[in-house]
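As a plain string of letters, each chain reads:
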Amino acid sequence: DVQPVTTATFNDLDRTRFESEYLPAVVARDILEANDRSAEQRLAATKMIVSTEQAVPTVLGLLVIGKTTRDFLPGAYVQFLRIEGTEPDQPVVDEALIDGSVADVIRRLDEKLVAHNRTRVDFTAGPQEQRTPMYPPVALQQLTRNAVLHRTYEGTNAPVRVYWYDDRIEIFSPGGPYGEITPENFGTPGLTDYRNPNLAEAMRALGYVQKFGGGIAAARGALQKNGNPPPEFRVDRGYVLAIVRLAS
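The structure presented is a predicted model; accordingly, all values stated were derived computationally and were not measured.

Rules and cut-offs
- Counting of residues starts from 1 at the beginning of each chain's written sequence and follows it residue by residue.
- Given that the model is predicted, a residue must reach a pLDDT of at least 70 before its local features are reported, and side-chain atom pairs must reach 80 or more before they are shown or counted; all residues, however, enter totals for whole chains, interfaces and linings.
- In computing side-chain properties, one takes all heavy atoms of the structure into account and sets aside hydrogens as well as water.
- Salt bridges, as used here, are contacts in which a Lys or Arg side-chain nitrogen is within 4 Å of a carboxyl oxygen on Asp or Glu.
- What counts as a helix is a DSSP run of H or I of at least four residues, what counts as a strand is a run of E of at least two, and both are numbered from the N terminus.
- The classification of residues rests on relative accessible area computed with a 1.4 Å probe and restricted to protein chains. Under 20% of the type maximum is buried, over 50% is exposed, and intermediate values are partly exposed.
- Whenever a nitrogen or oxygen atom comes within 3.5 Å of another N or O atom, the pair is scored as a polar contact, on the condition that within protein one atom can donate a hydrogen and the other can accept it, and that pairs from neighbouring residues in sequence are kept only if both atoms are in side chains.
- Contacts between residues were defined by any pair of non-hydrogen atoms, one from each residue, lying within 4.5 Å.
- Expected span, for any helix, means 1.5 Å times one less than how many residues it has.

Quick notes on the pattern of salt bridges
- Per the counting criterion, the structure on display carries 14 salt bridges.
- Among the salt bridges present, the one from Asp-94 reaches Lys-112, with a minimum N-O distance of 2.8 Å. Of the two residues, Asp-94 is situated in strand E2 (residues 92-98) and Lys-112 in helix H5 (residues 102-116); the sequence distance between them amounts to 18 residues.
- The class for Asp-94 is buried, based on a relative accessible area of 19%.
- Lys-112 gets classed as partly exposed once you look at its relative accessible area, which sits at 22%.
- With a closest N to O distance of 2.9 Å, Glu-170 and Arg-168 form a salt bridge.
- Taking relative accessible area as the criterion, Glu-170 reaches 17% and is therefore assigned buried.
- Judged by its relative accessible area of 10%, Arg-168 falls in the buried class.

Quick look at the side chain of Asn-196
- Within the element layout of this structure, Asn-196 appears in the loop between strand E6 (168-174) and helix H7 (197-205).
- On the basis of relative accessibility, which here comes to 6%, the residue Asn-196 falls in the buried class.
- At a separation of 2.8 Å, a polar atom in the side chain of Asn-196 contacts the main-chain carbonyl oxygen of Leu-149.
- Within the structure, the side chain of Asn-196 is placed 2.9 Å from the backbone oxygen of Arg-151, a separation counted as a polar contact.

Regarding the environment of Val-92
- Residue placement: Val-92 occurs in strand E2.
- Given the relative accessible area of 40%, Val-92 is considered partly exposed.
- In sequence terms Val-92 and Leu-81 are 11 residues apart; their C-alpha atoms lie 6.6 Å from each other.
- Sequence-distant contacts of Val-92, defined by excluding residues within four places in its chain, comprise Leu-81, Arg-82 and Ile-83.

A short note on helix H8 (residues 215-226)
- Between its terminal C-alpha atoms H8 stretches 17 Å, which fits the 16 Å expected from 12 residues at 1.5 Å a residue.
- Backbone geometry just downstream of H8 places Gly-227 in the positive-phi region, at approximately 90°.

Written out as structure tokens, the structure is:
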């Protein structure tokens with residue numbers, strides 16, 4: 001994720017956003033106030049550009065503070081569909097192409113997930129009504145953010161796909177397991193590896209990742225507590241598909 005994108009230039013980065021949003025998230029205020037580095041030095045230190053001598057945006061820079069990210073990383077978006085039914089060929093009642101910086105993508109995707117996540121109300125289980133969401137928000141956040149974080153941004157124009165059916169949600173992430181992770185050990189508690197380690201750190205600094213390597217475990221726990229089945233994973237060398245199902 002720190003490879004140079006030679007078709008992009010220094011002016012393709014939103015430096016105002018970098019100074020007002022990203023830097024305060026990764027550098028303490030007193031250090032920032034005492035820091036007399038140039039814009040190029042700050043961008044190079046945070047790996048948004050290759051170096052002060054080579055002010056070419058990196059993949060990380062375009063994902064975090066790119067003005068028009070998809071002009072240079074065509075697959076850097078999420079395709080969201082709400083399908084009325086249980087099969088792909090059934091009517092689509094809501095769709096969205098969600099792009100922009102990684103923070104914009106996560107925020108807008110969260111809004112879609114909240115909008116479609118209905119709450120079940122049970123008046124019979126006790127003296128007070130019980131309200132339960134169809135899917136626990138924490139699980140959906142963890143799995144969709146994992147898809148954005150761990151996907152490959154090279155060699156494919158495929159987006160992350162989030163398809164919401166009547167009985168399940170499918171979350172497709174381009175790029176299979178990476179490094180120490182294999183189809184056989186995928187999802188093993190405590191075992192993790194990062195295709196995009198600097199993007200992982202950026203998402204942590206921005207508050208979108210709380211604990212490295214804990215996303216799947218958190219999703220499993222939230223689903224169990226909510227009464228949903230455990231998440232299912234179909235793992236191939238070229239993709240990871242997570243499936244979350246309604247409670248029976």
